[in-house]
Amino acid sequence: MLYRRNPQLNKNGELVHLLSIEGLPASILRQVLDTAENFVSVNDREVKKVPLLRGRSVFNLFFENSTRTRTTFEIAAKRLSADVINLDIARSSASKGESLLDTIANLSAMAADIFVVRHSESGAPYLIAKHVAPHVHVINAGDGRHSHPTQGLLDMFTIRHYKKDFSNLTVAIVGDVLHSRVARSDIHGLTTLGAAEVRVVGPKTLVPADLAQMGVRVCHNLEEGIRDCDVVIALRLQNERMSGALLPSAQEYFTSYGLTRERLQWAKPDAIVMHPGPINRGVEIDSDVVDGAQSVILPQVTFGIAVRMAVMSLVAGNDASE
Amino acid sequence: MKILIQGGRVVDPSSGFDQLADVAVAAGRIVSIGAVSSDFHANKTIDAQGCVVAPGLVDLAVRLREPGHEHARMLQSEMAAAVAGGVTSLVCPPDTDPVLDEPGLVEMLRYRSEKLHQCRVFPLGALTRSLRGEVLTEMVSLTQAGCVGFGQADVPLPSLKILLRALQYASTFGYSVWLRPQDRDLGTGVVASGPLATRMGLAGIPVAAETIAIYSIVALMRSSGARVHLCRLSSAAGLDLVRQAKAEGLPLTCDVSIHSLHLIDTDIGYFDSRSHLKPPLRQQRDRDAIRGALADGTIDALVSDHSPVDEDQKTLPFAESEAGASAVELLLGMALKWAEADGVALRRALEVLTSAPADIIRAGHAGPRGGAGRLVAGGVADLCVYDPYPEWVITANNLRSQGKHTPFSGYALRSRVRWTIVGGTLAFEA
Amino acid sequence: MSAIDSDALRAQSAVDAVRDMPTLYQALLLGVGALCRSDTHLVGIATGGAWLAERLQSDLKLSGEPGVLSSAMHRDDFAQRGLAAREPTRLDFDVNGAHIIVIDDVLYTGRTIRAVINELYDFGRPASVALAVLVDRNGRELPIQADVAAVRIELPVSKSVALRQDVAGELSVVIKDRR
């Protein structure tokens, strides 16, 4: 089947699956952010629960382990009064066992409403969305290097919360952009919402030139990359990068690209610092920046619950069966 | 069986013959083209009015999946698909299960395929045992068993030293070596490197993987004197190197698949595994270069690269899915589609499907063997009669192959094969 | 008289009844004023009720700001209509033990009031909740009634009534055909 329309939208242009920020119109992104505003206040109440998804089931299908992300989705679903089932399908290439589609078919038969899927292969949620029962909604919790749309949305929410207007903003994303699904989602979110300039910063092995085609400015020098910017997003550096001959060592990375208090002064004085977590202190970012006044890393986590509540309640309210 | 093909437009690319004529076939040979002798009494008369009568197609890359899938009777289904597509001779790569590295396996394959009386099968033998790149195969015995060349299919050689030895050995006997130019280490990826791979977060294969491989192969050809056929070119830069090598006079030929001829990286769409192919689909400029090179002769032959994949292996996340598509039934239509779009003469469009690939098969070993690729009185009667007009839409349901996956699903093709004759016998009738 | 004619008559008399906004507002103000104690909190339902609550808070000389209640989280038609992102609930007082008057523009089926009371209970247990509306129309689907209504009207199902605020901040009640 050739997809003629964005598989995330139904025939009325409403969001029924969240697979990637790329290709979603700005109006839908704003709808998510506006809805999330409502849910931020729910999280401040004594009774942190609303009945919007009562009677619905949310299945967390994590083919790639992640306690943090799974927990935030679980909290978000429970605050909407949904039933939550966690399935840790640990993947190993040696034990293929039941095929992916058989797993999905079996779960669909158990009357799931929403699948939250994390998978190590780019594109897996598209395959799943293509094969679920008509009424089921798929939310991508991260696929390979491709997309992490709820993280992208919560990053946009955070930026909007502190900076209000995207059209004047310069945002720098520093680190291993090549392997980062968070970076890709952030780039699509920022370009869709009209950020003035988006820069990606890192060594050539981790920040290749063809990223420019996504609408960003490629910088290989940290000072050039974060000078006068309003937002700095630091990405996690994974150990695997050293073994793949992409970087000599974490120390050398910190020497050239680590975000310290001194280097942060290259950015605007009121710039905010973000990080999707988990943080490697002393590798991509210094402790005193993490704990400093410009860091909004902890609010990101709170906003993350509200944004996920918004996504789940929005897709659940839209008819996915065409 | 005496067959008379009446009233068709007979096109023989090799000689340039292109006229309305009758063709008489008897005892496996073409008796006459043009005036039919009055004492020729046909058992079967084919009304070819409005049709083109061409030499049977010669497809240099068709995977029959045998040995390996005997239980699924794939030999039968894939050969039936081939003749339905007008293919009368096909070359199959050695990456079967077990690998075609023993004369007994080759003989068994030829015996089983000949019994089916469909199209002719010309196996490629493995260049190294089990394709592992360590020990050379018994090329002489394999040739005696029926191999027309030697290759590694998609398995890269671990070292240039082994490649050099293999080329030297093959060239001792005048055998052809068929190689897909892709560097082993740079070639670990699932799509073409570039902005699309970066955006989609998929591991990319850079053009350098192909150009470095071609450069190395050509250098070793000079020192070994071997004849090489490069399989499935994919990039403009690779074609430039082929042009230079040919200009130098080296015995180099090459082919390209119908997929690289028509599709590019963005046809992957939303991670559609039907577009997971080897080599990967590259970019616009590569496709343009391929189309130009097929027209001007830099590329010698067009192949289907038929590789049927079953449902379970395709419905997986892109990088985990098995690469390959069913294509042999689409070869003719895709060639004509290219020719029509680019204003290429029918003679050239058919040449890359018939005489040119037939010459490549013949080049690698002493003595002619069937698969003429030509229509000539007295020659072998392998013919394809097709109607160039009817339009049909490619869907999983109307593929005869057991593999139902093609990136061309939903495309419209013009032309339908009506009759396929192999060795003077009607192998397919629509 | 045919059914259509009597509908038209009722509709016309409803239009007449809601034409005079200042009179309607006066009636509401008097009614709410009579219910108010010294510690009563006014809470308006977004958005029409909230407009009214602001004016009432000022005209009754109550200190602070009126609260705002959103029915979005507890609506019973979420599955059909989805979530509409609107002004969220804002209550800057402790609901526990509070005397509250909920203000809305139109009372119709009663479902919004049901949702809004559930919303209140997410914040605590009030001592009392009263309901004051500008327009009380027929068509109740739940056992809910207003303690104060500036006007009661009858309308056929094909008509809707709503409060509008123009760019100058002037309020008016509009009756029109339901889409």
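A few points on the structure. Note that the structure is a prediction, hence the values are computed from the model and not measured. (Residues numbered from 1 in each chain as written. Chains lettered and ligands numbered in written order. Predicted model: local features only at pLDDT ≥ 70, side-chain atom pairs only at ≥ 80, totals over all residues.)

1. Topic: the overall build of chain C
And step 1. The helix and strand tally for chain C stands at 5 helices and 7 strands.
And step 2. The order of helices and strands in chain C, counted from the N terminus, is α-α-β-α-β-α-β-α-β-β-β-β.
And step 3. Here the C-alpha radius of gyration of chain C, 16 Å, is about what a compact globule of 179 residues would show, namely 16 Å.
And step 4. If one aligns the C-alpha atoms of chain C with their principal axes, the spans along those axes are about 55 × 40 × 35 Å.
And step 5. Across the 179 residues that make up chain C, the buried fraction comes to 36%.
And step 6. Considering only contacts within chain C whose residues lie at least 6 apart along the sequence, 70% involve residues at least 24 apart. (Helix = DSSP H or I, 4+ residues; strand = E, 2+ residues; numbered from the N terminus. Rg over C-alpha atoms; globule rule 2.2 N^0.38 Å. Buried ≥ 20, exposed ≤ 12 C-beta atoms within 10 Å, placed from the backbone. Contact = placed C-beta atoms within 7 Å.)

2. Comments concerning the overall build of chain A
And step 1. Each helix and strand in chain A was counted, giving 12 helices and 9 strands.
And step 2. Here the C-alpha radius of gyration of chain A, 19 Å, is about what a compact globule of 322 residues would show, namely 20 Å.
And step 3. On the principal axes, the C-alpha backbone points of chain A span a range of 55 × 45 × 40 Å.
And step 4. The contacts in chain A between residues at least 6 apart in sequence include a share of 77% that link residues at least 24 apart.

3. Re the interface of chain B and chain A
And step 1. In this assembly, 19 residues from chain B lie in contact with 23 residues from chain A.
And step 2. For the side of chain B that touches chain A, the element with the most residues is helix 5 (residues 195-200) of chain B, which contributes 4 residues.

4. Remarks on the pairing of strand 4 (residues 128-137) of chain C
All names here are of chain C.
And step 1. Examined bridge by bridge, strand 3 (residues 99-107) and strand 4 share 8 bridges and lie parallel to one another. Across the sheet, the residue bridging to Val102 is Leu131, located in strand 4.
And step 2. In terms of handedness, the path from strand 3 via helix 5 (residues 111-121) over to strand 4 forms a crossover that is right-handed.
And step 3. Relative to strand 5 (residues 148-153), strand 4 runs parallel, the two sharing 5 bridges. The partner of Arg137 across the bridge, within strand 5, is Ile153. (Pairing = 2+ DSSP bridges. Right-handed = clockwise from strand over helix to strand, strands pointing away.)

5. Structural notes on the interface of chain A and chain C
And step 1. Across the contact, 17 residues belong to chain A and 12 residues belong to chain C.
And step 2. Sorting the residues of the side of chain A that touches chain C by element identifies helix 1 (26-42) and helix 12 (297-316) of chain A as the ones contributing at least two each.
And step 3. Of the residues forming the side of chain A that touches chain C, the biggest block, 7 residues, is contributed by helix 1 of chain A.
And step 4. Of the residues that constitute the side of chain A that touches chain C, the class distribution is 6 nonpolar, 7 polar and 4 charged. (Nonpolar A, V, L, I, M, F, W, Y, C, P; charged D, E, K, R; others polar.)

6. Here's the deal with the arrangement of the chains
And step 1. No other pair of the 2 pairs of chains in contact has as many contacts as chains A and B.
And step 2. There is no contact between chain B and chain C; across them, the least C-alpha separation is 27 Å.

7. Some words on the sheet that holds strand 6 (residues 57-59) of chain B
Residue and element names in this part refer to chain B.
And step 1. Read across the sheet, 3 strands follow the order 6-7-8 without closing on themselves; strand pairing throughout is parallel. Lying at the two open borders of the sheet, with one neighbouring strand each, are strand 6 and strand 8 (120-123). Pairwise comparison of adjacent strand axes, ignoring direction, gives a mean angle of 15° for this sheet. (Axes fitted to C-alpha atoms, helices over the stretch in contact; angles between N-to-C directions.)

8. Observations concerning the nonpolar core
And step 1. Judged by nonpolar contacts, the single largest core of 248 residues is most densely connected at Phe115, Val174, Val232 and Met312 of chain A together with Val177 and Leu331 of chain B.
And step 2. If you tally residues by element for this core, the top one is helix 12 of chain A, at 11 residues.
And step 3. Val232 of chain A has contacts with Ala172, Val174, Ile226, Leu259, Ala267, Ala271 and Val273 of chain A, leaving out every residue within four places of it along the chain.
And step 4. In this structure, Leu56, Ile100, Ile103 and Val173 of chain C belong to the second largest nonpolar core, which totals 42 residues. (Core = buried A, V, L, I, M, F, W, Y, C linked by C-beta atoms within 7 Å.)

9. Section: the sheet that holds strand 5 of chain C
All names here are of chain C.
And step 1. Read from one edge to the other, the open sheet built from 5 strands follows the order 2-1-3-4-5, with strand pairing classed as parallel. The outermost strands of the open sheet, each flanked by one partner alone, are strand 2 (67-69) and strand 5. Shown here is a sheet whose adjacent strand axes are inclined to one another by a mean of 30°, direction ignored.
And step 2. Lying on the sheet, helix 2 (residues 21-35) is in contact with strand 3, strand 4 and strand 5; it crosses strand 5 at an angle near 140°.

10. Brief notes about the pairing of strand 6 (residues 159-165) of chain C
Residue and element names in this part refer to chain C.
And step 1. Bridge count for strand 6 against strand 7 (residues 171-177) is 7 bridges, and the pairing is antiparallel. If you follow Arg164 over to strand 7, its bridge partner there is Ser172.
And step 2. Once strand 6 ends, the chain turns through 5 residues before running back antiparallel as strand 7, passing Gly169 with a positive phi of about 90°.

11. Points about the packing of helix 6 (residues 207-224) of chain B against helix 7 (residues 236-247) of chain B
Residues and elements named next belong to chain B.
And step 1. As a packed pair, helix 6 and helix 7 sit with axes 8 Å apart at the nearest point and diverge in direction by 15°. Considering their axes alone, helix 6 and helix 7 lie roughly parallel with respect to each other. The handedness of the crossing between helix 6 and helix 7 is right-handed. Contacts from Val207, Glu210, Thr211, Ile214, Tyr215 and Val218 in helix 6 reach Ala237, Gly238, Leu241, Val242 and Ala245 in helix 7.
And step 2. Considering only residue class, the contact of helix 6 with helix 7 consists of 8 nonpolar, 2 polar and 1 charged. (Parallel < 35°, antiparallel > 145°, perpendicular 65-115°, else oblique. Left-handed = near helix turned anticlockwise from the far one by under 90°.)

12. Points about unusual backbone geometry
And step 1. For the peptide bond that leads from Gly277 of chain A to Pro278 of chain A, omega is -10°, which places it in the cis range.
And step 2. The residue Pro278 of chain A is located in the loop between strand 9 (272-274) and helix 11 (287-290) in this model.
And step 3. The linkage connecting Asp97 of chain B with the following residue, Pro98 of chain B, adopts the cis geometry, with an omega of 5°.
And step 4. Take Pro98 of chain B: it is sitting in the loop between strand 7 (87-92) and helix 2 (103-115).
And step 5. Phi is positive for Asp228 of chain A, which is not a glycine, with a value near 60°.
And step 6. Counting through the fold element by element, Asp228 of chain A comes out in the loop between helix 7 (222-226) and strand 8 (231-234).
And step 7. Not every positive phi belongs to a glycine, and Lys61 of chain C is a case in point at roughly 55°.
And step 8. Within the secondary structure layout, Lys61 of chain C lies in the loop between helix 3 (48-59) and strand 2.

13. Some thoughts on helix 6 of chain B
All names here are of chain B.
And step 1. If you check helix 6, its first and last C-alpha atoms are 26 Å apart, about what 18 residues at 1.5 Å a residue would give, namely 26 Å.
And step 2. If you check which residues of helix 6 are buried, you get Val207, Ala209, Glu210, Thr211, Ala213, Ile214, Ile217, Val218, Leu220, Met221 and Ser224.
And step 3. Looking at the buried residues of helix 6, the elements they touch are helix 4 (160-172), strand 11 (176-179), strand 13 (204-205), strand 14 (227-230), helix 7 and strand 15 (252-257). (Expected span 1.5 Å × (residues − 1).)

14. Focus on helix 2 of chain C
Residues and elements named next belong to chain C.
And step 1. The end-to-end C-alpha distance of helix 2 is 21 Å, a good match for the 21 Å that 15 residues give at a rise of 1.5 Å each.
And step 2. Looking at helix 2, one finds that the buried residues are Leu24, Leu28 and Val32. Looking straight down helix 2, one finds that the buried residues subtend no more than 60° of arc, so they occupy a single side. Exposed and facing more than 90 degrees away from the buried side of helix 2 are Pro22, Leu30, Gly33 and Ala34. (Arc of directions from axis to C-beta.)

15. Regarding the environment of Met110 of chain A
And step 1. Position of Met110 of chain A among the secondary structure elements: in the loop between helix 3 (100-108) and strand 3 (114-119).
And step 2. Distance in space between the C-alpha atoms of Met110 of chain A and Ser57 of chain A is 9.4 Å, their sequence separation being 53 residues.

16. With respect to the environment of Arg30 of chain A
All names here are of chain A.
And step 1. By the secondary structure assignment, Arg30 is in helix 1.
And step 2. Taking the number of C-beta atoms within 10 Å as the measure of exposure, Arg30 has 15 and is therefore partly exposed.
And step 3. Residues Arg30 and Leu153, 123 residues apart in the sequence, show an inter-C-alpha distance of 9.5 Å.

17. Regarding the environment of Ala319 of chain B
And step 1. Structurally, Ala319 of chain B is set in the loop between helix 10 (311-314) and helix 11 (331-342).
And step 2. With 20 C-beta atoms packed within 10 Å, Ala319 of chain B lands in the buried category.
And step 3. A C-alpha to C-alpha distance of 7.5 Å links Ala319 of chain B and Leu202 of chain B, two positions 117 residues apart in sequence.
And step 4. The residues touching Ala319 of chain B, leaving out its near neighbours within four places in the chain, are Glu121 and Ser122 of chain A together with Val190, Leu202 and Ala203 of chain B.

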